[in-house]
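Examining the three-dimensional arrangement
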Amino acid sequence: MSAVDLPKAPLETGRRGVSAYRVMALAGDGVGPEIVAAAQRVLAAVAERYEFTLAYQEGLIGGRAIDELGLPMEDGLAERCRTCDAVLLGAVGGPKWDTTDPAKPRPEQGLLGMRKGLELFANLRPVKSFAALAATSTIKPEVIAGVDIVVVRELTGGVYFGKSERVGDTAYDTMLYTDAECDRLLDYAFRLAAQRRGLVHSVDKANVLESSRLWRAAALRAGPARSGGGGGGARPPAPRRPDVELRHMLVDNCAMQLIREPRQFDVIATENLFGDILSDEAAMLTGSIGMLPSASVGAGGVSLYEPIHGSAPDIAGRGIVNPCATILSAAMMLDLSLGEAAAARAVEAAVEAALAAGARTADIAAAGEPVLTTDEMTDRVIAAL
Ligand code: IPM
Ligand code: MG
C-alpha cells in the first residue's frame, strides 16, 4: 500500500513536501453531486495557486449504490479509500429509499459502514459564527457574536452500532460503550482543547444512563476533576491533562445552554447520538446548517470530510444548495489530511470574504437580499481566493 497508510495521529497534519494528493470523492445522493462538484472547483483554484495537484477517484455510496448494486456502498470501498490521502463526501439518503422495513438496505448504512470501516472514531464539527450572517440566524445577533465551538462527536460507537432488533411489535437499540472507546474520544477532545481555550464540556446523561456514567468516569480520567463530578463509583486516577478545564453537563441542559449562552463553550465532547443532535442545533448559531463542515478522523490512515447537513432532496438538482459547508469541509481536508494549512486558511478566508461582500444562497439570504445559485456562490468564493 502507499505511504499514506503510515499511521497518522489525530491532529497531526498530513505529509509535507508532497504536492500530488489523491482524494476519494463520494458524491452520494440528493444535493451531494452538486456540493462535491462545487468544492472540487474551489480546490482546483486553490491547488493552482498553492502549487499542488489533486487526483480524484470516485465511488458509489448511499441510495445510488442501492439502485445500481443493491448495496448501501460498493464492495471494497473502504479499502479503496485507505489508498487515498482523504475522502470528500457529499451526502446520502432520500425519500426514495426511506423504508420502515428492517430487511431493506438504507443509504445511511453506507455512511455508517464507511465510518466504521475507516475507524473514524472522532467527528469534529466546528461551529463558528460568521459576522456577515449575524442577522441570518433565528437567534439574536448579540447571543451568537463570537461563538467558536468544536463539537467532538464519538462516531463509531453508541446506539448507532449497538445491537438492535425488531421482533413483532417490539424493537430495541442498544447504547453500548467500552472504556477504550470513551478514553480515545475524550483524550482527543482534551488534546484539541489544549490547543484552543482549554475547556472541555463532557456532555452525557449520567443521571439516567449507565453508558453515560462510564463516559463520565472516562472524562475524569482524561482531565482534571472539578468538585461534584461524580465518577461512576471508582475513584479517578490522576488526570492526564491538568491544563484543560473539565465541566460535566447533562445533554438536556446542554441543548438549552447552546441557545441561552453559546459562548460558554469551547470543546464539547459527547457520544454519537447526542453529538448528532447537538451539532444540528449548534449549526443554527452560524445562521444555517448549510454553513457547517465536519472532519471525521481516526487513529491513523485516511480521514473523511463532509458537510453536516444531509442530502436535501427537496432542493436537489435545482442548483440552489449552499456549497459553503462542503467547501469548508474541503478546507479542513487541506489542513488536517494534506498538510496544506495555508491553502486551507485561504479557502476559509475566501468564504468569509464572499459572505462579507454580500454573497448569499437562499438559505442565508435575508428578505430582499439577492439570492445566488450554487455555481454563482462558488464563483464568488473562487473570485475571493
Ligand atoms: C450526520 C447525519 C448522519 C448521522 C445520518 C445521515 C446517518 O445526520 O452525519 O449527522 O446521523 O450521523
Ligand atoms: Mg446529523
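It should be emphasised that the depicted structure is a prediction, and the values quoted were computed from it without experimental measurement.

With that settled, consider unusual backbone geometry. Although it is not a glycine, Glu 51 sits at a positive phi angle of roughly 60°. With respect to the secondary-structure elements, Glu 51 resides in the loop between helix H1 (32–50) and strand S2 (53–58). Of note in the backbone geometry, Glu 119 takes a positive phi value of approximately 55° without being a glycine. If you trace the backbone, Glu 119 turns up in the loop between helix H4 (107–117) and strand S4 (122–128). Relative accessible area serves as the criterion here: at 46%, Glu 119 is assigned to the partly exposed category.

Attention now goes to the site of ligand 1. Residues in close proximity to ligand 1 include Glu 108, Arg 115, Arg 125, Arg 153, Tyr 160 and Asp 276, which together make up its full environment. At 2.9 Å from an oxygen atom of ligand 1 is found a side-chain nitrogen or oxygen belonging to Arg 125. Interatomic distance of 2.8 Å between a side-chain N/O atom of Asp 276 and an oxygen atom of ligand 1. Contact with the protein chains hides 78% of the accessible area of ligand 1, taken as 320 Å² for the molecule alone.

Under the counting rule described, the total for this entry stands at 25 salt bridges. Between Arg 247 and Glu 245 there is a salt bridge, with its nearest N and O atoms 2.8 Å apart. Judged by its relative accessible area of 28%, Glu 245 falls in the partly exposed class. One connected set of salt bridges, linked through shared partners, spans Arg 41, Asp 375 and Asp 379.

Reading guide: rules and limits
- Residues numbered from 1 in each chain as written.
- Chains lettered and ligands numbered in written order.
- Predicted model: local features only at pLDDT ≥ 70, side-chain atom pairs only at ≥ 80, totals over all residues.
- Heavy atoms only, no water.
- Helix = DSSP H or I, 4+ residues; strand = E, 2+ residues; numbered from the N terminus.
- Buried < 20%, exposed > 50% of the residue type's maximum accessible area, 1.4 Å probe, protein only.
- Near = heavy atom within 4 Å.
- Polar contact = N/O pair within 3.5 Å; in protein donor to acceptor, adjacent residues only side chain to side chain.
- Areas by Shrake-Rupley, 256 points an atom, 1.4 Å probe, with all protein chains shown as cover.
- Salt bridge = Lys/Arg side-chain N within 4 Å of Asp/Glu carboxyl O.

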